[in-house]
Every structure is written in structure tokens, then in C-alpha cells.
Protein chains: 2
Amino acid sequence: MTRYSRQHKIVVAVDCIIFGFDGQELKLLLIKRGFEPEKGKWSLMGGFVQPAESFEEAASRVLHQLTGLENVYMEQLYAFGDPHRDPTERTASITYFSLIDIHKYEKQISDEYHAEWFPVNQVPDLIFDHPAMIKMAKEKLRYKAAIHPILFELLPEKFTLPQLQNLYEGIYDTVLDKRNFSRKVLSTGLLIKQKEKEKASSKKGAFYFKLDKKKYQKKFDAFLNFIPNPDNLK
Amino acid sequence: MTRYSRQHKIVVAVDCIIFGFDGQELKLLLIKRGFEPEKGKWSLMGGFVQPAESFEEAASRVLHQLTGLENVYMEQLYAFGDPHRDPTERTASITYFSLIDIHKYEKQISDEYHAEWFPVNQVPDLIFDHPAMIKMAKEKLRYKAAIHPILFELLPEKFTLPQLQNLYEGIYDTVLDKRNFSRKVLSTGLLIKQKEKEKASSKKGAFYFKLDKKKYQKKFDAFLNFIPNPDNLK
DNA sequence: TCAAAAGTGTTCTTATTACACCCATGG
DNA sequence: CCATGGGTGTAATAAGAACACTTTTGA
């Protein structure tokens, strides 16, 4: 068969913007780049797309390499293609952002890559256009979480309402009324109250909830509205 | 400097999903593909990314080639990268969707490519994964237009409320109450009433409106809510 | 026994929906 | 003079926001 013989060809990589939540603040998993150029500098976890791989497969592979995790929430963010974004050679980057339960990733794997979690607002200097990627990912997360029940992906299987509220407050850098928050969240029908309480962070203890996975699938694309005035955010 | 010498390289193309509205229904501009493989079949307008071009630049160039238009609404949709999506040779496609005023494009240019407008729900057989691209673009348009004042991009500078309502009704395949619709639209403050009326489509005539460009810029990312129950759409 | 965090109810305000009549005009 | 499509108002309902006290219990 014919080929597009004279066409310009480009190295294509994937980069993963990996979010986690430690109960206090939103964090990003970054690695120390292991090869030239910019070896030893901080970077998003990435990798080159291999001949038999789709972009999604490459991104899942890369995420798995770093975290040991599979089947986590991941979506394509944006294709970065500026011809000079990597000074070595033209390289496009298809970026993916994922939300993981920070307690589930395998630290020893992560250690091999010299990975560290950084608070989203205190990331170190990064290579190339990775700061722009992170900026876009943060914006998209805030945008999407204001409408869709996406943040549960960052929490462990069982979590409390105060934990969930903390997460929203952290992401939107705001303070929410707990009465209104719990009413709104519970009114979605997405949460199932457990019998046990989390007793570590308060004397009274807070009830655990689990996600109702079936309803979650169904409501995922629904427009919720967890954040009162998404317009008025800082 | 070093190069990623042994890395797999990929031909990268852009494809444009071009929406227009003729006053009656939402349409897509498609071309007859001019080269092998699949020469003569219907296709999205596309082109290969050139060495010095970013993806955005390539997409703008391709759109301009077909329509003669510049500075129209365009946003990146998705990067399609399945290794076998083009049987000739591995080719990634970065897709962009744009909204144009259907009356502004230059028909003679379009004729060179044997381009035609098709109602979005009656597109012919298309090459490769172009049907999936169109499906995604339609979904994104509906999604986005339910929240953001994006559909004005499809209308001429001056338009009437009935025209605008027709557009929303067409895109959501629904019927809206004109009293509630006009109240909601006008309450955004985005529209400036003109003195003239459009007299072609009714005896009484309908007032023209123009977009308040400044407010439009400001409110573009705001969450509006033109469609009563985005959840309950068919 | 008290400090600290969890949990819950009511009122007010605003937004959304449903719904029906008059207006202007060209034929 | 009437058929056609444009334009407008009101009342009922639902959703969102503001707000404060009681409960539990470990130290």
C-alpha cells in the first residue's frame, strides 16, 4: 500500500498529570527525569508512545509504571504540539490527567523514579511546558468537579463527609457550609452510609460513607452542582 | 544536541469538525477526499502538520484553506491515536472543532474541495474514524452549549431571538418555551437590542440583537444554563 | 467537665417552570 | 380582516443560601 512517504513525522509522548489527596491538600506526583536533556530536573511522568500502542494505552502503561495502579480514573487532557516545546527534537505530548487514591499507590515503585508528591500550589521548577500542562489540568479539575461527582476518585473506598468537604474546600480554596454541603451531597443519592465511624480525627467520630457505584456510573455525566457559585470563585 | 534517535515517529494530521447553522438545522462541512487511500470518499477536512507548525496553526491553516475564514471559534477536541486508524500508515489526528457563521465562508474555495454541508444527523459514510470524531464533537457541542454562550459563534452578527431559540431547539432536539427562553437569554445581559427588525420570516418582524462582545468575553467561561434540564435530554 | 468536631432544621431569597393573551402586519 | 409569528407577565414551585444549637466523647 501507499505511504504518506514525504510527510513530516513526529516523536509522540504521553505525560500524566497525577492528582492525589492526602486528606489535607491536593497533590501532584512528580518525578526526577532520568535521561537527557534536563536529567535530574522535576517533570511529569511520561513516556514515548510505542509502535503498537494507542495513546490511552501508553498513558495507562506510564501511570502503571509509576504507581503500580490500573483501572484508575484517567482522561485525555490536551495534545501539546508546539514544534519547539522539547529542544532536543520535535516531540508532541498527549497529556492525561488521573485521579488516584493516594494511599493505594506503591511507594517502592515510585521511589525508583524518585517520585514525590507536591502540593498543587507548590510545585518545583519543571521542564519544558509541563507547568502549562499542570495549569490546564488544575483548571480542568476545578471545572469538572464543580459539575460532576469526580472527586470521589481521589478518596479511599470509605470516607467521611468532613473528609469530602475538606477536599472540595481545598480544591476551590473556599469554605463551605457543612449543613448545605451535606444536604446537597446526600441528595444526590450517591452515598451509602456505613455503620462504622472514623474515630481518628475527632472524639465524636464521623460516619463513613461508600459510593453507590451503580448510581455513580449513571450520574457521572449528569450536571450536579456541588459548588454553589462556580462563577464567583477566586 | 542529543536526539531521541531510536524513538518511533508518527505522522500527525489535524482534522477539523466544522459546524454551521443555516437557520433551520445544524450542519457539518465535509469534503471529498482528494488523495489515496479512500480518494473520492467523504471525509472531514484535514491536513498534515508541517515541520514548523503547532497543532493549532495547522488546524487554522486547514480551516482557512477550506473556508477562507480566519479568527473563527476553534478548540481542540481530542487526539486520536489508534495505531491502525489509518490503514496506510500510522497517523495520529489532532481534531479541532469550529463554529462558523455559515454565510461567511467562501463557497468557491469550498467548491475546489468538493465540500458540502450535511445536516449533522444525516452525514454520509466517512473514512477511518471520522464518524467517531463527529460523534464526539456533537456531544461536546451539546455539553458545552448547555453551560456556555457558545452558540452565538454560529450566528451572524445580527440575529433575532426566534433564530437563537431555533438554534438551541435544533441542537437539543427539543422545544423551549419562548417566554422563559427570552427571559433567560436577556438576563445574561449579553445581548444588545437593535432598532431594526428582521422582516423576512414574519409579518410583524423580529428585533435584531447583537452580542455585547465585552460581556461575552467576560462571561464566556461562566456557567450559564440555557437549557433547563441538561440531565433530562434525550 | 470541657474542648473539639459531628450532625442536624428552619427561614429567606432567588431561580425555574408552567402557562395564555395581545400585538403588528402583509396578504 | 385575518392568519402568522413576535412579544410580554404572573403565580406556583423548587433550589440555594444563610444561619445556630445540640450531641458525643476522649483527654
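All values reported here derive from a predicted model rather than from experimental measurement.

Rules behind the numbers
Counting restarts for each chain, with residues numbered from 1 along the sequence as it is written. By the order in which they are written, chains take letters starting at A while ligands take numbers starting at 1. It should be noted that, the model being predicted, local features are given only for residues of pLDDT at least 70 and side-chain atom pairs only at 80 or more, the latter also being counted only at that level, while totals for whole chains, interfaces and linings use all residues. Just so you know, side-chain values use all the structure's heavy atoms and leave hydrogens and water out. Note on definitions. A residue lies near a molecule or strand when any single heavy atom of the residue is within 4 Å of it. Pairs of N or O atoms within 3.5 Å make up the polar contacts considered here, provided that, within protein, one atom can donate a hydrogen while the other can accept it, and that residues adjacent in sequence are counted only when both atoms are side-chain atoms. Segments assigned H or I by DSSP are reported as helices when at least four residues long, segments assigned E as strands when at least two residues long, and all are numbered from the N terminus. Domain start and end points were adopted from an automatic or database domain assignment. Buried area is understood as the total, over both parts, of accessible area removed when two parts are fitted together, assessed with a 1.4 Å probe. We define a salt bridge as a contact between a side-chain nitrogen of Lys or Arg and a carboxyl oxygen of Asp or Glu at a distance within 4 Å. Residue type decides the class: Asp, Glu, Lys and Arg count as charged, Ala, Val, Leu, Ile, Met, Phe, Trp, Tyr, Cys and Pro as nonpolar, and the leftover types, Gly among them, as polar. Least-squares superposition aligns the copies on the C-alpha atoms of those residues with pLDDT at or above 70 in both. Should any heavy atoms of two residues lie within 4.5 Å, those residues are counted as being in contact. Multiplying 1.5 Å by the helix residue count minus one yields the expected span of that helix. Geometry is summarised by axes, namely lines fitted to C-alpha atoms with helices restricted to the contacting stretch, and by angles between N-to-C directions that run from 0 to 180 degrees. Any angle between 65 and 115 degrees counts as roughly perpendicular, while under 35 counts as roughly parallel, over 145 as roughly antiparallel, and the rest as oblique. Any two strands with at least two DSSP bridges between them are considered paired.

Visitor: How would you summarise the protein's contact with DNA strand C if you had to cite specific residues and measurements?
Guide: Around DNA strand C there are 23 residues in total, and Lys178(A), Arg179(A), Phe207(A), Arg179(B) and Lys203(B) lie nearest to it. Each atom of DNA strand C within 4 Å of the protein belongs either to a base or to sugar and phosphate, the latter forming 39%. Between Asp177(B) and DNA strand C, the recorded distance is 3.5 Å, taken from a side-chain N or O atom to a base nitrogen. Between DNA strand C and Lys203(B) there is a distance of 3.5 Å, counted from a sugar or linking oxygen to a backbone nitrogen or oxygen. Elements with a minimum of two residues in the surface near DNA strand C: α5 (178–187) and β10 (206–211) of chain A together with α5 (178–187) of chain B. At 4 residues, α5(B) tops the list of elements feeding residues into the surface near DNA strand C.

Visitor: Break down the domain arrangement of chain A for me, citing the residues and quoting the values.
Guide: Residues and elements named next belong to chain A. What the domain assignment reports for chain A is domain 1 (11–147) and domain 2 (151–232). Distance between the C-alpha centres of domain 1 and domain 2: 26 Å. Between domain 1 and domain 2, a total of about 1500 Å² is buried, with carbon and sulfur atoms accounting for 66% of that surface. If you look at where domain 1 meets domain 2, you find 0 salt bridges. Counting across the domain 1 and domain 2 interface gives 4 residue pairs in polar contact (both at pLDDT 80 or more). When contributions to the side of domain 1 that touches domain 2 are tallied by element, the ones reaching two or more residues are β1 (9–21) and α3 (130–145). Residues that form the side of domain 1 that touches domain 2 fall into these classes: 11 nonpolar, 2 polar and 2 charged.

Visitor: Can you explain the relation of the copies chain B and chain A? Please cite residues and give values.
Guide: Here chain B sits on chain A after a turn of 180 degrees about the axis and a move of 0.0 Å along it, with an RMSD of 0.0 Å. Expressed as a symmetry operation, the mapping of one chain copy onto the other fits a two-fold axis. A high fraction, 100%, of the interface residues of chain B reappear at the interface in chain A, so the copies pair face to face through one surface.

Visitor: So what's going on with helix α4 (residues 161–172) of chain A? Which residues, and what values?
Guide: Relative to the 16 Å expected for 12 residues at 1.5 Å per residue, α4(A) spans 17 Å between its end C-alpha atoms, a close match to the ideal helical length. Of the residues flanking the end of α4(A), it is Asp173(A), one or two places downstream, whose phi is positive at about 45 degrees.

Visitor: Residue-level account of the side chain of Asp212(A), with values.
Guide: Mapped onto the secondary structure, Asp212(A) falls in the loop between β10 and α6 (213–219). Among all residues touching Asp212(A), those that are not within four sequence positions of it are Gly189(A), Leu190(A) and Ile192(A).

Visitor: Any chance you could break down the packing of α4(A) against α5(A) for me, citing the residues and the numbers?
Guide: Residues and elements named next belong to chain A. Where α4 meets α5, the axes come as close as 11 Å, and the angle between the chain directions of the two elements is 105 degrees. By the angle between their directions, the pair α4 and α5 is classed as roughly perpendicular. Each of Leu161, Leu164, Gln165 and Tyr168 in α4 lies in contact with α5, whose residues at this interface are Lys178, Phe181, Ser182, Val185 and Leu186. Residues that form the contact of α4 with α5 fall into these classes: 6 nonpolar, 2 polar and 1 charged.

Visitor: Outline the sheet that holds strand β10 (residues 206–211) of chain B, supporting the account with residue identities and numerical values.
Guide: Residue and element names in this part refer to chain B. A sheet is described by the order of its strands in space; here 3 strands give the open sequence β8-β10-β9, paired in antiparallel fashion. Among the strands making up the open sheet, the edge pair consists of β8 (158–160) and β9 (191–198). Along the sheet, successive strands turn relative to each other by an average axial angle of 40 degrees, direction set aside. Summarising the sheet, β9 and β10 pair through 5 bridges and their orientation is antiparallel. Bridge pairing in β10 links isoleucine 192 to lysine 210. Along the sheet, helix α4 (residues 161–172) makes contact with β8, β9 and β10, crossing β8 at roughly 75 degrees.

Visitor: Explain the interface of chain B and chain A residue by residue, including any values.
Guide: Facing the 48 residues of chain B at the interface are 48 residues of chain A. In this assembly, chain B packs against chain A so that about 4100 Å² is buried in total across both faces, 60% of it on carbon and sulfur atoms. It is Tyr4(B), Lys9(B) and Phe223(B) that lose the most area in chain B upon contact with chain A, and together they represent 19% of the buried surface on that side. Inspection of the chain B/chain A interface yields 2 salt bridges. Measuring nitrogen to oxygen at the nearest pair gives 3.3 Å for the salt bridge that ties Lys9(B) to Glu89(A). Across the chain B-chain A interface, the total number found is 21 residue pairs in polar contact (both at pLDDT 80 or more). Looking at the side of chain B that touches chain A residue by residue, the classes come out as 27 nonpolar, 10 polar and 11 charged. Relative to strand β1 (residues 9–21) of chain B, β1(A) runs antiparallel, the two sharing 3 bridges. Pairing of Lys9(A) across the sheet is with Val11(B), part of β1(B).

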